[in-house]
Amino acid sequence: MKNTATLILMLFVSASMWASISFSEKDALVKLYIATNGNQWKKQWDFNKPVSSWYGVKLQNDKVVGLDLSNNNLTGQLPSEIVNLVYLKELKLFKNTISGTIPSKIGNMKQLVVFNLSFNKLTGNIPSSIGNISSLEEIELFMNQLSGNLPLELGKLSNLRTLSLYNNELTGQIPTSVYELKSLKTLLLNSNKLKGKLEKEIANLTQLETLSLFDNNMDGQVPFDLEKLNNLKEMNISYNMFSGLVSKNLAQLDTLNMTMINNEGFAVALQVKVDKNSA
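First things first, this report covers the structure right here in the doc. Please read these numbers as outputs of a predicted model, since none were measured by experiment. (Residues numbered from 1 in each chain as written. Predicted model: local features only at pLDDT ≥ 70, side-chain atom pairs only at ≥ 80, totals over all residues. Heavy atoms only, no water.)

Helix and strand counts for the protein chain come out as three helices and 19 strands. Classification of the 279 residues of the protein chain by burial places 48% in the buried group. In the protein chain, the share of contacts with a sequence separation of at least 24, taken over all contacts with a separation of at least 6, comes to 48%. When the accessible surface of the protein chain is split by element, carbon and sulfur atoms take 47% of a total near 13000 Å². (Helix = DSSP H or I, 4+ residues; strand = E, 2+ residues; numbered from the N terminus. Buried < 20%, exposed > 50% of the residue type's maximum accessible area, 1.4 Å probe, protein only. Contact = heavy atoms within 4.5 Å. Areas by Shrake-Rupley, 256 points an atom, 1.4 Å probe, with all protein chains shown as cover.)

We now examine the nonpolar core. Side chains of a nonpolar character, in soluble globular proteins, are inclined to be buried together. Residues Leu67, Leu91, Phe115 and Ile139 are the most contacted members of the largest nonpolar core, which totals 71 residues. Mapped onto this core, the elements with two or more residues apiece are α2 (23–35), β2 (63–68) and α3 (248–253). A total of six residues in this core trace back to one element, the largest contributor, which is α2. Apart from the residues within four sequence positions on either side, Leu67 is in contact with Leu29, Leu32, Trp45, Gly56, Val57, Leu85, Leu88, Glu90, Leu91 and Lys92. (Core = buried A, V, L, I, M, F, W, Y, C linked by side-chain atoms within 4.5 Å.)

Below, the discussion takes up the sheet that holds strand β7 (residues 123–124). Across the sheet, six strands lie side by side as β7-β9-β11-β13-β15-β17; this open sheet has parallel pairing. Looking at which strands have only one partner, the edges of the open sheet turn out to be β7 and β17 (241–243). With three bridges connecting them, strand β15 (residues 217–221) and β17 associate as parallel partners. Looking across to β17, one finds that Gly220 is bridged to Phe242. (Pairing = 2+ DSSP bridges.)

If you trace the backbone, Ser177 turns up in the loop between β11 (169–172) and β12 (186–188). Taking relative accessible area as the criterion, Ser177 reaches 17% and is therefore assigned buried. Distance in space between the C-alpha atoms of Ser177 and Leu154 is 7.0 Å, their sequence separation being 23 residues.

Written as structure tokens, this is what we have:
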């Protein structure tokens, strides 16, 4: 049915409206419109008008470089053809009700800088191919139902500044490769099901300004090396199962005073060394 609908739309659209956009990009846009029930969007596309006039579509040199359909009542699932928008630099589909999985070949979009599918109903894993998009600076997938482990390949994204994955169902440990993201400024992994230790290699994230691991199942000693992060302005690692002493400096950074869940399931505060700032 969807193939038939696509054919009808393609026949309906006049050749002039496409300008010189490649066929694969044309097809990707049409498939996206159909797959996410475009006739119910708040701001719909008029197929009688040029692509340059379509809401949320940004063109440059007859290539689709931007797509922002945030808060536009997109429902349904992302079509696999969306990865054919290979010149796309910004993909923003924030605050819709998109379900299904992130296309496994998302790594084909090698020029992507901003990737925001947050506040939807996405399920499944974060594809490992995302590590192929070396240009990525922002990944925002928070407020979904994503599961599975964080892909090791995230560590290949040397330009990444924001990794925001909070309020999902992610499991496993934080991959050590994540501690190699030297450009990272914001790391938000709170309200998942992460476990394991916060490694001392966290000190490698020298540009980090915001760290949130709130409401997970992490344990072990809070690494003293956190104090080496001179740019850190806000930290929330509360409601985990960390143990040991912490310094006043770190306690002051933690917005909930390092409240932890102990073995009996009760919320307790980590002891703070009161006589000096060192841990």
